[in-house]
Amino acid sequence: MSYAIVGFGKIGQALAHAFARKNIEVTVASRRQPEELAPLARAVGPTVVARSLQDALGAATIILAVPFGEHREIAKVLSSWKGKTVIDAMNSFPVPPEELDGLLSSAFVAKSFTGAKLVKGFNHLVAAILATDPVVEGGHRVVFLSSDDEDAIDPVADLAKQLGFAPVKLGKLNEGGALVHARGRSWGPLIFQDLFKKGQ
Ligand SMILES: NC(=O)c1ccc[n+]([C@@H]2O[C@H](COP(=O)([O-])OP(=O)(O)OC[C@H]3O[C@@H](n4cnc5c(N)ncnc54)[C@H](OP(=O)(O)O)[C@@H]3O)[C@@H](O)[C@H]2O)c1
């Protein structure tokens, strides 16, 4: 399985630390040239490799960690998203719900990535917390996963486990997934809940 993180700001770097901690290879990209990102990537760990956006999107699983409105720019880079898994770590805050065609933000994002399987996850914690070791006193930090492609959740749950998190599957985006969505300026009740699961 190959992984990429698009967006190498606060959330992108927090997730890159999680990959580096477990020596799992991940490519990272932004609008900047890879040479510019490379020192930052190397500082996170040797398994974190800066690439051009186009090259990074060659990965099978791509985590979106860009400002919400930018997802459309990324979607345009590939002519087909078939076979890809896109993990939406974004929150639409402060985009008003009226701008999302009546959809929850991840369902709105999914429209741009036709053919991909979209899983919402890693979006509910502030970056400073997400960046820290998810294994604390024998417990594993919980991350919530939801998707309208139910078979897409399991591989992302496996990744979350490999990274040291305890995945909790919430089902479809507009069912359990609604608990981790921001709606305009109001946050779903699971957002910011820093929960741990004992054991795995
Ligand atoms: N910060 C948090 O605590 C937090 C918590 C949960 C969820 N989130 C969500 O995570 C997402 C990222 O937030 P952040 O705080 O990490 O933002 P950030 O620190 O501003 O980082 C955004 C990153 O996206 C890159 N970027 C912007 N436009 C791009 C494009 N068109 N193509 C490729 N890369 C692009 C930027 O790099 P370049 O300028 O080099 O392109 C930068 O590396 C947001 O949707 C936010 O709602 C944030």
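Look a little higher up for the structure.
Predicted, not measured: the structure shown is a model, and the values here were computed from it. (Residues numbered from 1 in each chain as written. Predicted model: local features only at pLDDT ≥ 70, side-chain atom pairs only at ≥ 80, totals over all residues. Heavy atoms only, no water.)

Q: Looking at this model, I keep getting lost on helix H1 (residues 10-21). Mind explaining?
A: Think of an α-helix as turning once every 3.6 residues; residues three or four places apart then point the same way. If you check H1, its first and last C-alpha atoms are 17 Å apart, about what 12 residues at 1.5 Å a residue would give, namely 16 Å. Listed as buried for H1 are Ile11, Gly12, Ala14, Leu15, Ala16, Ala18, Phe19 and Ala20. Positive backbone phi, at 55°, marks Asn23, one or two positions downstream of H1. (Helix = DSSP H or I, 4+ residues; strand = E, 2+ residues; numbered from the N terminus. Expected span 1.5 Å × (residues − 1). Buried < 20%, exposed > 50% of the residue type's maximum accessible area, 1.4 Å probe, protein only.)

Q: What exactly am I supposed to notice about unusual backbone geometry here?
A: Across residues other than glycine, the phi torsion is negative in most instances, and most of the peptide bonds are trans. Of note, the amide linkage connecting Phe93 to Pro94 takes the cis form, showing an omega dihedral of 5°. Structurally, Pro94 is set in the loop between strand S5 (85-88) and helix H5 (105-112). Despite not being glycine, Asp101 shows a phi value in the positive range, around 55°. Residue position: Asp101 is located in the loop between S5 and H5. With a phi close to 65°, Phe122 is a non-glycine residue in the positive phi region. Positionally, Phe122 belongs in the loop between strand S6 (117-120) and helix H6 (127-130).

Q: Looking at this structure, how should I read the site of the ligand?
A: In the neighbourhood of the ligand, 23 residues make up the surrounding shell, with Ile11, Ser30, Arg31, Arg32 and Glu70 lying closest. At 2.8 Å, a backbone N or O of Phe8 approaches an oxygen atom of the ligand. At a separation of 2.8 Å, an oxygen atom of the ligand approaches a polar backbone atom of Val66. Starting from 890 Å² of accessible surface for the ligand in isolation, the protein chains cover 81%. Secondary structure elements with two or more residues in the shell around the ligand: H1 and helix H4 (71-77). Looking at the shell around the ligand residue by residue, the classes come out as 13 nonpolar, 5 polar and 5 charged. (Near = heavy atom within 4 Å. Polar contact = N/O pair within 3.5 Å; in protein donor to acceptor, adjacent residues only side chain to side chain. Areas by Shrake-Rupley, 256 points an atom, 1.4 Å probe, with all protein chains shown as cover. Nonpolar A, V, L, I, M, F, W, Y, C, P; charged D, E, K, R; others polar.)

Q: When you look at the environment of Ala89 in this model, what are you seeing that I'm missing?
A: You can see Ala89 is positioned in the loop between S5 and H5. On a C-alpha basis, the gap between Ala89 and Ile63 in space is 6.7 Å, while along the polypeptide they are 26 residues apart. For Ala89, the residues in contact, after removing those within four places along its chain, are Ile11, Ile63, Leu64, Gly121, Phe122 and Asn123. (Contact = heavy atoms within 4.5 Å.)

Q: Hey, could you run me through the pairing of strand S2 (residues 26-29) in this one?
A: Each regular strand shows side chains that alternate between the opposite faces of the sheet. Residues Val26 and Val28 line one face of S2 and the alternating positions Thr27 and Ala29 line the opposite face, and both faces are buried. Taken together, strand S1 (residues 3-6), H1 and S2 constitute a β-α-β crossover, and its handedness is right-handed. Since S2 and strand S3 (residues 48-50) lie parallel, the crossover through helix H2 (residues 34-44) that links them has a hand, and here it is right-handed. (Right-handed = clockwise from strand over helix to strand, strands pointing away.)

Q: What exactly am I supposed to notice about the pattern of salt bridges here?
A: Opposite charge on two side chains permits pairing when their charged atoms draw close. Per the counting criterion, the structure on display carries 6 salt bridges. Put simply, Lys76 and Glu73 hold a salt bridge, and the shortest N to O gap is 3.1 Å. Linking Lys76 with Glu73, this pair stays in helix H4, spanning 3 residues, or about one helical turn. What makes Lys76 exposed here is its relative accessible area of 60%. Here Glu73 falls in the partly exposed class, since its relative accessible area comes to 42%. Asp194 is the salt-bridge partner of Arg141, the closest N and O atoms lying 2.7 Å from each other. Of this pair, Arg141 sits in strand S8 (residues 139-147) while Asp194 sits in the loop between strand S11 (186-187) and strand S12 (196-198); the two residues are 53 residues apart in sequence, bridging distant segments of the chain. The exposure class assigned to Asp194 is partly exposed, which follows from its relative accessible area of 28%. (Salt bridge = Lys/Arg side-chain N within 4 Å of Asp/Glu carboxyl O.)

These results come straight from atomic positions and should not be treated as a statement about function.
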